[in-house]
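The residues making up each chain are set out below.
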Amino acid sequence: MKKETTRTELPLNRILGGDCIEVMRALPAESVDLIFADPPYNLQLRGELHRPDNSRVDAVDDAWDQFDSFRAYDDFTREWLAAARRLLKPDGAIWVIGSYHNIFRLGAELQNQGFWILNDVIWRKSNPMPNFRGKRFTNAHETLIWASKSENSRYTFNYEALKALNEGVQMRSDWVIPICTGSERLKNERGEKAHPTQKPEALLHRILIGTTNPGDVVLDPFFGTGTTGAVARMLGRNYVGIEREAEYREIAERRLEKVRPLPADVLEVSTSKRAEPRVPFGQLVERGLLRPGEELYSLGNRFRAKVRADGTLVGKDVKGSIHKVGAQLEGAPSCNGWTYWHFKRDGKLVPIDMLRQQIRAEMSGARPN
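Residues numbered from 1 in each chain as written. Predicted model: local features only at pLDDT ≥ 70, side-chain atom pairs only at ≥ 80, totals over all residues. Heavy atoms only, no water.

*Asks:* What am I meant to see in the overall build of the protein here?
*Replies:* Within the protein one finds 11 helices and 14 strands. Considering only contacts within the protein whose residues lie at least 6 apart along the sequence, 67% involve residues at least 24 apart. By element, 47% of the accessible surface of the protein is carried by carbon and sulfur atoms, the whole surface being about 20900 Å². (Helix = DSSP H or I, 4+ residues; strand = E, 2+ residues; numbered from the N terminus. Contact = heavy atoms within 4.5 Å. Areas by Shrake-Rupley, 256 points an atom, 1.4 Å probe, with all protein chains shown as cover.)

In C-alpha cells:
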C-alpha cells in the first residue's frame, strides 16, 4: 500500500524558532509573496565603542552578528538567500537591508542567484548616531535592495498608493525616516534596548503598502522583535517570522498581542487607471447605455458627433474611435475620448467615463462612486 505524503502547510502569523536556513528549508516552496530580510551586518567591531565622555555606546556586538571571516559571511548569505528564493512565488519579491559593511556582498549574491534588482533605496536617518571618534563621516543612512524573484516576475508595485503617501508626488528612492526613539523603542526587562537594530514601523509601512496587497504572505527570516509582523498584522497582511534568539521571540510575541488589525475598508489603496479592467467604448453601445444615433458633445460643447452601431463616432468630415474623432476635431495629436466626450441626461452634460465606471463597478461587484 502506497504511503500518503502530507503537504507541509505554511504556519501563518506565527514566529518560528531556530536557525533561519533550516526552518526555511522545511517550509513549502513558492508559498510567500514578499520577503523582508534584515540579516546580520557583520560589523567587524574591534573592542568597545565609547563616546567623548567615555560612556559606552550600546552598539551591535551580539554573537549573532559575528563571523570568523568574509568568506564565512558569504557562505551564510548564499545559503539563506537560496532558501528564501525557493519560498518565493514566481511573482514574488524580496527586500534586504544593510549597512556599508554587508549590503554590497548581499547585492552581488542576489544577482548570482538570479534575483532581478529593481531598486536600491537609501533610508536616510533624520536622527543618526554621530561618529564619536571623528575619523569618518557620520553614517546617516542604510541601503535597501528591492528585487524580484526573476527578470520576468510580475511583482507588486502600488505606484499610485506610494504617490498618495507622498502628497501626490512620485515616490523617490531616498527615504527620510527617523530611527526608533521614544515609546517605539522596545526595552527588555533590564530597561535596556531590546534589540540594537530595531527598525522603525514607518519603514515597513511604506514597504508593505507599496509592494504587497492585503492577504499577502510576508516572510521575515530575521524577525528580531517583530516590526515586520506588527506592521503586517496592522495592514491586513499575513506574516511568518523566524527568529533564533528566544528573548527576541518572547518580546515579539508580547508586542504582536497588542496589535489590532485595521478595518478592511481602510486597507484599500489607490490604484493605477491602467490596472482597472478595460472597457471598450463599443460595450456601452452593446449594453444600451448609449444608443446608435445619440449625440455626444465635446468638452466645452464646441463639437458634436453621433454614436454609430459599431462603437465608432461620426462627426463633421471625420469618423473613427472616440479618441481619433476628438483629436481630429481639436487638431491635436491625441485625445482622451473618455473625458472629452459627454452625453445629455436631464438637460445636463455628463462625461461618458461615468458609464465606463458603472460597468467597471459591476465587473468588480462594487457600487460606482
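Back to the text.
*Asks:* What's the story with the side chain of Asp216 in this structure? I'm lost.
*Replies:* Here Asp216 lies in the loop between helix H5 (201–211) and strand S7 (217–220). No salt bridge is formed by the buried Asp216; the nearest opposite charge belongs to Lys89, separated by 5.9 Å. A polar side-chain atom of Asp216 sits 2.9 Å from the main-chain amide nitrogen of Asn213. With sequence-adjacent residues up to four places away left out, Asp216 is seen in contact with Asp33, Arg237 and Asn238. (Buried < 20%, exposed > 50% of the residue type's maximum accessible area, 1.4 Å probe, protein only. Lys, Arg positive; Asp, Glu negative; His and termini not counted. Salt bridge = Lys/Arg side-chain N within 4 Å of Asp/Glu carboxyl O. Polar contact = N/O pair within 3.5 Å; in protein donor to acceptor, adjacent residues only side chain to side chain.)

*Asks:* Looking at this structure, I do not really get the pairing of S7. What am I missing?
*Replies:* Residues Val217 and Leu219 of S7 are buried on one face, and the alternating residues Val218 and Asp220, pointing to the opposite face, are buried as well. Summarising the sheet, strand S2 (residues 32–37) and S7 pair through two bridges and their orientation is parallel. Across the sheet, Leu34 pairs through a bridge with Val218, a residue of S7. As paired strands, S7 and strand S8 (residues 238–243) are joined by four bridges and run parallel to one another. When the bridges of S8 are listed, Asp220 appears paired with Gly241. (Pairing = 2+ DSSP bridges.)

*Asks:* It is not clear to me how unusual backbone geometry should be interpreted in this structure. Could you clarify?
*Replies:* Only a minority of non-glycine residues have a phi that is not negative, and only a minority of peptide bonds are not trans. Its identity is not glycine, yet Glu30 carries a phi of approximately 50°, on the positive side. Mapped onto the elements, Glu30 comes out in the loop between helix H1 (20–25) and S2. Judged by relative accessible area, which is 47%, Glu30 ranks as partly exposed. Even without glycine at this site, Asp317 takes up a positive phi of about 60°.

*Asks:* What am I meant to see in the packing of aromatic side chains here?
*Replies:* Centre distance and the angle of the planes are the two values used to describe a pair of aromatic rings. The full count for this structure, using the stated rule, is 11 aromatic pairs. Their ring planes at 85° and their centres at 5.1 Å tell us that Trp80 and Phe222 sit as a pair that is edge-to-face. One end of the pair, Trp80, is in helix H2 (residues 70–87); the other, Phe222, is in the loop between S7 and helix H6 (227–234), and 142 residues separate them in sequence. For Trp80, a relative accessible area of 0% puts it in the buried group. On the accessibility criterion, Phe222 (16% relative accessible area) is buried. Put simply, the rings of Trp95, Trp146, Tyr155, Phe157, Tyr159 and Trp175 pair up and form one aromatic cluster. Of note, Arg85 hangs over the ring of Phe115, and the distance from its end group to the ring centre comes to 5.4 Å. Positioned over the ring face of Trp123 is Lys125, at 5.2 Å from the centre of the ring. (Phe/Tyr/Trp six-rings, centres within 6.5 Å; stacked < 30°, edge-to-face > 60°. Lys NZ or Arg CZ within 6 Å of the ring centre and 35° of its normal.)

*Asks:* For this particular structure, what's the right way to read the environment of Tyr248?
*Replies:* Of note, Tyr248 is situated in helix H7 (residues 246–257). Overall, Tyr248 belongs to the buried group, its relative accessible area being 6%. For the pair Tyr248 and Phe223, spaced 25 residues apart in the sequence, the C-alpha separation amounts to 8.2 Å.

*Asks:* I'm lost on the nonpolar core in this one. Help?
*Replies:* One recurring pattern in soluble globular proteins: nonpolar side chains tend to sit buried together. In terms of nonpolar packing, the biggest core is built from 31 residues, with Trp95, Leu144, Trp175, Leu203, Ile207 and Leu208 touching the most fellow members. Counting residues per element, the ones that place at least two in this core are S2, strand S3 (88–98), strand S4 (116–124), strand S5 (141–148), helix H4 (159–165), H5, H6 and H7. Of the residues forming this core, the biggest block, five residues, is contributed by H5. (Core = buried A, V, L, I, M, F, W, Y, C linked by side-chain atoms within 4.5 Å.)

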